[in-house]
Structure formats: structure tokens, C-alpha cells
Amino acid sequence: MTPAKPRAWQRMLSGRRLDLIDPSPLDVEIADIAHGLARVARWNGQTHGPEIFSVAQHSLLVEAIFAAEAPTSARAARLAALLHDAPEYVIGDMISPFKAAIGGDYKLVEKRLMAAIFVRFGLPPEPPGELNKAVKAADRIAAYLEATALAGFTVAEARKFFGAPRLALKGFAGYLKPLRPAEAQQAFLSRFVELDRLAHP
């Protein structure tokens, strides 16, 4: 008797069954993404405050930084920035050193999920090189802010690992207050709806 194949899908609260190995855009729902990201902790939960600082909040911060760095950017580009960590709603948020240690398989799963998510919301499966570079730069600035405000890094440590931010940081303080999951979920979902409506009128 041939052994059964291991289950590679996850059931979502929307009722969708998302295949993690070969994901279909048809099984991606923004409500599932918002729910999941609001309950995934950045920094493995090693942050100050009574609540976790979630990937949903991090995503909002990255999109705000991206918009500040590129104020004339298209709404679709801002949507891509908001969704830059969306695969983590099913695979979780691993700190960068562990991602590097795991290597190829994790990256491949993440890439396939990202492509399915982007296609689902009317974006190219792979963002153009310049957009990808700009989002990664915003991501590093967000990591610097989170590291120094929430994760116990000194300024010197944060500059060593993430670089020195090249824009004024005071305007982003409001994004760094850890929220309850339901609040983070709603904030992420509201911003998605706003950007999606503008990107795809």
C-alpha cells in the first residue's frame, strides 16, 4: 500500500484550503492574511509592551516609510509594500539569521506564496527590481525603528545590522505602539482596502 502523501495545505478561517507547496491565487483571501499577520509576532515576541508587535503592524510601518521615501509612487507599488511579508500569515515570521540557516526550501515556499498573493490582488507575481529594492530599503528602516524602540537594541547595534536611516523618524512613532490583535487586524485590513481601491478603481 502506497503511504498517503503528507498534508501540505492549511485550512483557513474563510474556509479556503491553501496548498503551501503549490498555492493558488484563488485560495488567497485578504481576511485570512489580515487575521494571520495580526497574530504573528515580530522579533519572536521579544519586544517591550503588554502586546506583541505583529507582522501586520510591521507591514503598515513599512508601507508608511515606503510612501514617505517615494511620495509619488503608484498605489499599486504601495500595495506591494503593504503585502511584502504577507506569506508570513501561514509560514510565520522567522528572524533573518534563522532564515539564512534554513536556506533554499523556505525561500522557495515563501516565493511561491508571494507570487500567488500578488497575482490574487492584481500585482505582478514578482515586483520589478527597483520596486523590490525600495521596499527592502523601507523594510530595513522599519527594522531599525523596531529594534531600537521595541527589541532592546542600542542605536549602535541597530546601525550595524540595519544601517542608519536617512529620513526623519519622529513621524513614525505612532506605528510602534503594540496593538491588540483585533486592532492590528482591522488597521491592516482598512489600509489594504484603501490602497486596493485606489490601485484598482
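As shown above, the structure is provided for reference.
Keep in mind the model is a prediction, meaning the values are calculated, not measured.

Looking now at the pattern of salt bridges. Across all of its chains, the model carries nine salt bridges by this definition. Its salt-bridge partner being R166, residue E69 comes within 2.7 Å of it at the nearest N-O pair. Taken together, the residues E69 in helix 2 (residues 55–69) and R166 in the loop between helix 8 (155–162) and helix 9 (181–199) connect sequence positions 97 residues apart. Judged by relative accessible area, R166 falls into the exposed class, the value being 63%. Taken together, the shared-partner salt bridges in this structure form one network comprising R16, E29 and R120.

This part covers unusual backbone geometry. Of all residues except glycine, most have a negative phi; of all peptide bonds, most are trans. Despite not being glycine, W43 shows a phi value in the positive range, around 60°. Relative to the assigned elements, W43 resides in the loop between helix 1 (30–37) and helix 2. We classify W43 as buried; its relative accessible area is 15%. The phi torsion at N44 lies on the positive side, around 55°, for a residue other than glycine. Counting through the fold element by element, N44 comes out in the loop between helix 1 and helix 2. Owing to a relative accessible area of 49%, N44 belongs among the partly exposed residues under this scheme.

Turning next to the packing of aromatic side chains. Following the criterion strictly, the structure yields seven aromatic pairs and no others. Look at F172 and Y175: their rings are 6.5 Å apart centre to centre, the planes differ by 45°, and that puts the pair in the tilted class. By relative accessible area, which is 33% here, Y175 ends up partly exposed. Every member of this aromatic cluster is reached through a ring pair, and the members are W43, F153, F161 and F162. Over the ring of W9 we find R17; its NZ or CZ atom is 4.2 Å from the centre of that ring.

Along an α-helix, residues three or four apart share an orientation, since each turn contains 3.6 residues. The first and last C-alpha atoms of helix 2 sit 21 Å apart over 15 residues, in line with the 21 Å expected at 1.5 Å per residue. Where burial is concerned, most of helix 2 is hidden: 13 out of the 15 residues are buried.

Within the fold, L113 resides in helix 6 (residues 104–120). Sequence separation between L113 and V135 is 22 residues, and the spatial gap between their C-alpha atoms is 18 Å. With sequence-adjacent residues up to four places away left out, L113 is seen in contact with L18, L20, P23, P87, V90 and I91.

Moving on, we get to the packing of helix 2 against helix 7 (residues 129–149). Contact pair helix 2 / helix 7: the axes reach a minimum separation of 8 Å and the direction vectors enclose 120°. The angle between helix 2 and helix 7 falls in the class oblique. Seen from above, helix 2 lies across helix 7 with right-handed handedness. Contacts between helix 2 and helix 7 involve H58, L61, V62, I65, F66 and E69 on the former and, on the latter, L131, A134, V135, A138, D139, I141, A142, L145 and E146.

Here we take up the side chain of E29. Along the chain, the position of E29 falls in the loop between strand 2 (17–19) and helix 1. In this structure, E29 is in contact with S14, R16, R120 and F121, ignoring residues within four places of it in sequence.

Rules and cut-offs
Residues numbered from 1 in each chain as written. Predicted model: local features only at pLDDT ≥ 70, side-chain atom pairs only at ≥ 80, totals over all residues. Heavy atoms only, no water. Salt bridge = Lys/Arg side-chain N within 4 Å of Asp/Glu carboxyl O. Helix = DSSP H or I, 4+ residues; strand = E, 2+ residues; numbered from the N terminus. Buried < 20%, exposed > 50% of the residue type's maximum accessible area, 1.4 Å probe, protein only. Phe/Tyr/Trp six-rings, centres within 6.5 Å; stacked < 30°, edge-to-face > 60°. Lys NZ or Arg CZ within 6 Å of the ring centre and 35° of its normal. Expected span 1.5 Å × (residues − 1). Contact = heavy atoms within 4.5 Å. Axes fitted to C-alpha atoms, helices over the stretch in contact; angles between N-to-C directions. Parallel < 35°, antiparallel > 145°, perpendicular 65-115°, else oblique. Left-handed = near helix turned anticlockwise from the far one by under 90°.

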